[in-house]
Amino acid sequence: MSFLSLLVFSPLLGIVLLAFVRRTDAKTIQWLGTAATVPPLLLALFAFIQAGRGFRLEQLDEAYDWVRLADLPFFTDAAYVIRYELSIDGLSLLFIVLTAVLGTLAAVASLLVKVEKKGYFMWLLALEIGMLGVFAAANFIWFFLFLEVTLVAMFLLVGKWGGFERERAAYSYLLYNGLGSALLLVVIAVLVARTGTANFALLHEMLHNPVAEGQLIAPLTLEVRHWLLGGLLLAFAFKLPTVPLHRWLIRVHVEAPPPVVMLHAGVLLKIAAYGMIRFGIGLFPDEFRTFAGVIAVLGVVNILYGALLALRQRELKHVLAYSSVSHMGVVLVGLGALNEAGIQGAVFQSVAHGLIAALSFLLVGVLANRIGTTDIQRLGGLAKAMPLFSGYLLTAALALLGLPGLAGFVGEFTAFLGLFETKPALAAAGALGLIFAAVYSLQAILDITFGRARERYESSLSLRGLQESAASFSEPRGTVIDLQAKEAVPAFILVALIVAVGVYPQLLAGPLAAVLETMMNGLGG
């Protein structure tokens, strides 16, 4: 098996092995489920290190004939061949590394899941395969297939292992993301029907090289291109999500198990950003200029709307959910700027928010497991009983508000730098959201850590030696103990990555340089 195929499908071995493990053997299930996420992590880190040393990533490309539709009786000899194609560049490599890192950390965090662990880990690994495949796919057909794997896996993880309203959240997720996928499928079908290929590189050549345009099966007029790009952007607007298509996100963030939300907020939302960059700017750069202003306005709306509603929430999961809406608006702002700083900022923000959101929901899972609630009005004074937890939570809040030296600052500063260059008035309005972010994040975290200890559990604040009871995520614990090694280690890794990106942004800028140069050439800048 080739390198990229091994990277994408290596978790499949864990699924096969888990199928032979008894449901009652929780320790073996946890060990196997976590161990199965390690091979893609090692392979992704290896590729990242090699790319930093000058290795040409295109040498890893894979392409094999998969389905030849000409063999069917109702197709002609000149009909389509769908190929199995994987490829990575600097852009997709960053998201693959992010996926692999968060996949392993989410598996470790899943120690807190107590119900139906076998099925849970099998679908968690399927979700990781889908996410890795989305970023490694080199043609639209496989991109769509991997995307649908994530849709099914996420639906089941939320609907089976979520909170009290898990089924409502799961169907809401399925409805909105299913609509986005349906729109995406229509765009793919039109492109393949008129070009005869789903390969990204060939599509780019046919859409921009006058000589290659003669190979089109049917013409792609300027009007058709605008409609195709509009369909793509709307499809990914469902998945980002963009206001007013965001309601499903709030339900999923609140009801899904925290380790699953680590992957949802950390990676799945970024697929939409990746799609807008890869297909929107990559395939339709000239047409993208027409939509840039609207995208920037929607970004500012996301930022302000999410931040203002986060200010009004008294439940930590709701605060973080609306915060995700706001911070994904920064991605739209960067794309709407349509210059090098803006696009770079959009990628930086995607990676940074992925790390910060993963840390935040890792800690939310700990809080729900210890006390049985994330209602800010029922919490307070945790710094006394859980100093290590409180320190990590404060770090997550500082990263969320964009403190210099942490990853959040890099993405926000670069994205807004790009927008100030092209649309300064709009950028100034959007920057208000960054002020609101400081208010809602510090207000929530300081209430939890340094506020007055609530009567519900203040008598147990000194019982730090009590052991956790064995129950599911949704059951209250009533004990207040600090982070243990199984929780502190992944939290430390995430904080280290947040600091590393914040202090040395070249970690992200290096692999991205060649891709950005190609995109700016396509935009004529």
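As a reminder, the structure under discussion sits directly above these lines.
Now for a description of the structure that goes with this document. (Residues numbered from 1 in each chain as written. Predicted model: local features only at pLDDT ≥ 70, side-chain atom pairs only at ≥ 80, totals over all residues. Heavy atoms only, no water.)

**A closer look at the pattern of salt bridges**
Next up, step 1: Taken as a whole and judged by the stated rule, the model has eight salt bridges.
Next up, step 2: Note that arginine 83 is salt-bridged to aspartate 65, the shortest N-O span being 2.5 Å. With arginine 83 in strand β2 (residues 81–86) and aspartate 65 in strand β1 (residues 62–68), the pair connects residues that are 18 residues apart, well separated along the chain.
Next up, step 3: Here aspartate 65 falls in the exposed class, since its relative accessible area comes to 54%.
Next up, step 4: Here the salt bridges share partners, and the residues they tie into one network are Asp65, Arg83 and Glu85. (Salt bridge = Lys/Arg side-chain N within 4 Å of Asp/Glu carboxyl O. Helix = DSSP H or I, 4+ residues; strand = E, 2+ residues; numbered from the N terminus. Buried < 20%, exposed > 50% of the residue type's maximum accessible area, 1.4 Å probe, protein only.)

**Section: the environment of glutamate 487**
Next up, step 1: With respect to the element layout, glutamate 487 can be found in helix α20 (residues 485–503).
Next up, step 2: Here glutamate 487 falls in the buried class, since its relative accessible area comes to 4%.

**Comments concerning the environment of serine 10**
Next up, step 1: If you trace the backbone, serine 10 turns up in the loop between α1 (3–9) and α2 (11–18).
Next up, step 2: The exposure class assigned to serine 10 is buried, which follows from its relative accessible area of 13%.
Next up, step 3: When sequence neighbours within four positions are dropped, the list of residues in contact with serine 10 reads Ser5, Pro39 and Pro40.
Next up, step 4: At a separation of 3.4 Å, a polar atom in the side chain of serine 10 contacts the main-chain carbonyl oxygen of leucine 7. (Contact = heavy atoms within 4.5 Å. Polar contact = N/O pair within 3.5 Å; in protein donor to acceptor, adjacent residues only side chain to side chain.)

**Some thoughts on a nonpolar patch on the surface**
Next up, step 1: Taken together, the side chains of Val489, Phe492, Ile493 and Leu497 make up a nonpolar region of the molecular surface, amounting to roughly 340 Å² of accessible area.
Next up, step 2: Assignment of secondary structure puts valine 489 in helix α20.
Next up, step 3: Taking the relative accessible area as the measure of exposure, valine 489 reaches 47% and is therefore partly exposed. (Patch = residues over 30% accessible without salt bridge, like charges linked within 9 Å, V, L, I, M, F, W, Y side chains within 5 Å. Areas by Shrake-Rupley, 256 points an atom, 1.4 Å probe, with all protein chains shown as cover.)

**Focus: α2**
Next up, step 1: Among the residues of α2, those classed as buried are Pro11, Gly14, Ile15 and Leu18. Taken around the axis of α2, the buried residues stretch over an arc of 100°, which confines them to a single face.
Next up, step 2: On the buried face of α2, the contacting elements are α1, α3 (26–35), α4 (38–52) and α6 (117–136). (Arc of directions from axis to C-beta.)

**Topic: the packing of helix α13 (residues 285–311) against helix α14 (residues 316–337)**
Each pair of packed helices can be summarised by the angle the axes make with each other and by the distance between the axes.
Next up, step 1: Contact pair α13 / α14: the axes reach a minimum separation of 7 Å and the direction vectors enclose 155°. On the basis of the axis angle, α13 is roughly antiparallel to α14. Between α13 and α14 lies a crossing of left-handed hand.
Next up, step 2: Of the residues assigned to the contact of α13 with α14, the class counts are 17 nonpolar, seven polar and no charged. (Axes fitted to C-alpha atoms, helices over the stretch in contact; angles between N-to-C directions. Parallel < 35°, antiparallel > 145°, perpendicular 65-115°, else oblique. Left-handed = near helix turned anticlockwise from the far one by under 90°. Nonpolar A, V, L, I, M, F, W, Y, C, P; charged D, E, K, R; others polar.)

**Quick look at the side chain of glutamine 313**
Next up, step 1: Here glutamine 313 is to be found in the loop between α13 and α14.
Next up, step 2: Among the polar contacts made by the side chain of glutamine 313, one reaches the main-chain carbonyl oxygen of leucine 309 at a distance of 2.9 Å.
Next up, step 3: Once you skip the residues sitting within four places of it in the chain, glutamine 313 turns out to touch His318, Val319, Tyr322 and Ile376.

**Some details on the side chain of histidine 246**
Next up, step 1: Examined against the element boundaries, histidine 246 turns out to sit in the loop between α10 (222–239) and α11 (247–255).
Next up, step 2: Of the polar contacts made by the side chain of histidine 246, one reaches the side chain of tyrosine 305; its length is 3.3 Å.
Next up, step 3: Those residues in contact with histidine 246 that sit more than four places away from it in its chain are Pro241, Tyr305 and Val325.

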